[in-house]
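In case you want the letters, here they are:
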Amino acid sequence: MQLLTDAKALKGKIRIPGDKSISHRAIIFGSLAEGRTEVQGLLESQDVKATINAFRSLGVDIKKSDGKILIYGKGPKFKEPKEAILDMGNSGTSMRLIAGVLSAQDMSLRMIGDPSLSRRPMDRIAIPLNLMGAKIEGQGDRCLPALQIQGNKCLKPISYHLPVASAQVKSAILLAALQTKGETTIFEKEITRNHTEDMIKQFGGQISQVGKEIRLLGPQRLSGQKLLIPGDISSAAFWIVAALIIPNSELVLENVGINQTRTGILDVVREMGGQITYSKVDEVNKSATLRVSYSNLHGINISGEIIPRLIDELPIIALLASQAKGRTVISDAKELRLKETDRIKTVTRILRAMGVHIQAKEDGMIIDGGSELKAASIDCQLDHRIGMMTAIAALLVKDDHVNLEGAEAIQTSYPEFFKDLERVYYD
Ligand code: S3P
């Protein structure tokens, strides 16, 4: 598709669509719980639909009524699907978290994904879940999908040091531990998003966390709840950066999730000199309205424990850095290589093609600011966040065309992205 270019400003309001990580978990916990769960603000994107379809084929009744999603939980006694194959599409979160759920179910299933998901390592979940007594097998050393999962209704608890900072792996273990007799302990490498822990508590379960140590005594019974899902800060990130780098811009972003384990981008923007103000802070649902304006920015170093708090925002932060004064160095972000694409490679390739001075490092990127962006024809390789980064970068290209191939991938996390862009774009 041809992207919008040469924006004179972005102005107006955008209501940020539901958080993808929380939406997956709302469907999963609603299905595991006993009774009815009512969800408002669910993200209805392709990735979340993969999770919904998986639980529907496990016998859970999930429907939409009056703009809300209703889930009639199975507590957690699922029915073995007729077709023993679950298609997770592009969604790593669906595959990894549902593998955790299925590990404790007495059934044998196959999980498949699209070509991008089929390249993502599943050994990170297979190792701990197999230690608990499940049998998960994939292809080759890294246990790539398709996965064959043989569940076991008598799993054993484990004490496990996560070798990577990953909320997906932590969550897969917790979802199995909820159905396992005894105490499971997880030691995190770095603190990662805590939506699974929050949701266990919301559904009436118990979990303790002291620093990086998490304990859960299973099995636990969860009961259906009413949930209100805040907007996804990872989607808001594209507008935050767009407003900061396009002269004369000012955007008001409503319903932005501000869970502390996700707000690394706000810390980075503040440190780079960006202007952001908060209002309408809702402490219960962890959301706020943000007002962001065009700013003079300077480069910084981004590394260490902040990385898991902004891992999905690093592509758009690389674009932000290209418009700042001086150098930005991103380190400790090797995990970027294992996302929907190798994001160190794709970001470097695309931003370089668009005129940015950027170098890849094994664990991050070095970006020299002050580049003028130029036209190019870009293939985002079906990576939604790379597609959206390219669309924001194109807004700074003057008098020329930017073509994006693979834009349909944006449906996985932000189906209304281009509509929202058209509403705030001034040429
Ligand atoms: C997610 C965790 C992160 C993140 C992904 C969503 C989640 O992945 O990148 O987009 O919902 O738990 P990792 O756990 O692999 O870091």
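Refer to the preceding data block for the structure.
Since we're looking at a predicted model, the values are computed, not measured.

### What to know about the nonpolar core
Across soluble globular proteins, you tend to see nonpolar side chains buried next to one another.
Working step 1: Within the largest apolar cluster, 79 residues are counted, with the highest numbers of intra-cluster contacts made by Trp239, Ile245, Leu253 and Ile392.
Working step 2: A total of 11 residues in this core trace back to one element, the largest contributor, which is helix H7 (residues 233-245).
Working step 3: Not counting the four nearest positions on each side in its chain, Trp239 is found in contact with Ile14, Ile16, Leu251, Leu253, Ile392, Tyr414, Phe417, Asp420 and Leu421.
Working step 4: One finds Ile98, Val101, Leu102 and Tyr160 within the second-largest nonpolar core, a separate group that totals 65 residues.

### Section: the site of the ligand
Working step 1: Taken together, the neighbourhood of the ligand is formed by Ser21, Arg25, Thr93, Ala165, Ser166, Ala167, Gln168, Arg193, Ile311, Asp312 and Lys339.
Working step 2: Asp312 is positioned such that a nitrogen or oxygen atom in its side chain is 2.7 Å from an oxygen atom of the ligand.
Working step 3: Within the side chain of Lys339, an N or O atom sits 2.7 Å from an oxygen atom of the ligand.
Working step 4: For the ligand, the accessible surface in isolation is 380 Å², of which the surrounding protein chains cover 94%.
Working step 5: Spatially, the ligand is embedded in the largest pocket.
Working step 6: When contributions to the shell around the ligand are tallied by element, the ones reaching two or more residues are helix H1 (20-32) and helix H5 (167-177).

### Looking at the pattern of salt bridges
Working step 1: Scanning all chains against the criterion turns up 33 salt bridges.
Working step 2: With a closest N to O distance of 2.9 Å, Arg262 and Asp19 form a salt bridge. With Arg262 in the loop between strand S14 (250-257) and helix H8 (264-272) and Asp19 in the loop between strand S1 (9-15) and H1, this residue pair connects regions lying 243 residues apart in the sequence. Accessibility assignment for this pair places Arg262 and Asp19 in one class, buried.
Working step 3: One network of salt bridges, in which partners are shared, links Arg120, Arg193, Asp312, Glu340, Arg343, Asp383 and Arg385.

Reading the values: the criteria
Residues numbered from 1 in each chain as written. Predicted model: local features only at pLDDT ≥ 70, side-chain atom pairs only at ≥ 80, totals over all residues. Heavy atoms only, no water. Core = buried A, V, L, I, M, F, W, Y, C linked by side-chain atoms within 4.5 Å. Buried < 20%, exposed > 50% of the residue type's maximum accessible area, 1.4 Å probe, protein only. Helix = DSSP H or I, 4+ residues; strand = E, 2+ residues; numbered from the N terminus. Contact = heavy atoms within 4.5 Å. Near = heavy atom within 4 Å. Polar contact = N/O pair within 3.5 Å; in protein donor to acceptor, adjacent residues only side chain to side chain. Areas by Shrake-Rupley, 256 points an atom, 1.4 Å probe, with all protein chains shown as cover. 1 Å grid on protein atoms, 1.4 Å probe; cavity = no way out; pocket = protein on both sides within 12 Å on 5 of 7 lines; lining within 4 Å. Sits in = over half its atoms within 2 Å of the grid points. Salt bridge = Lys/Arg side-chain N within 4 Å of Asp/Glu carboxyl O.

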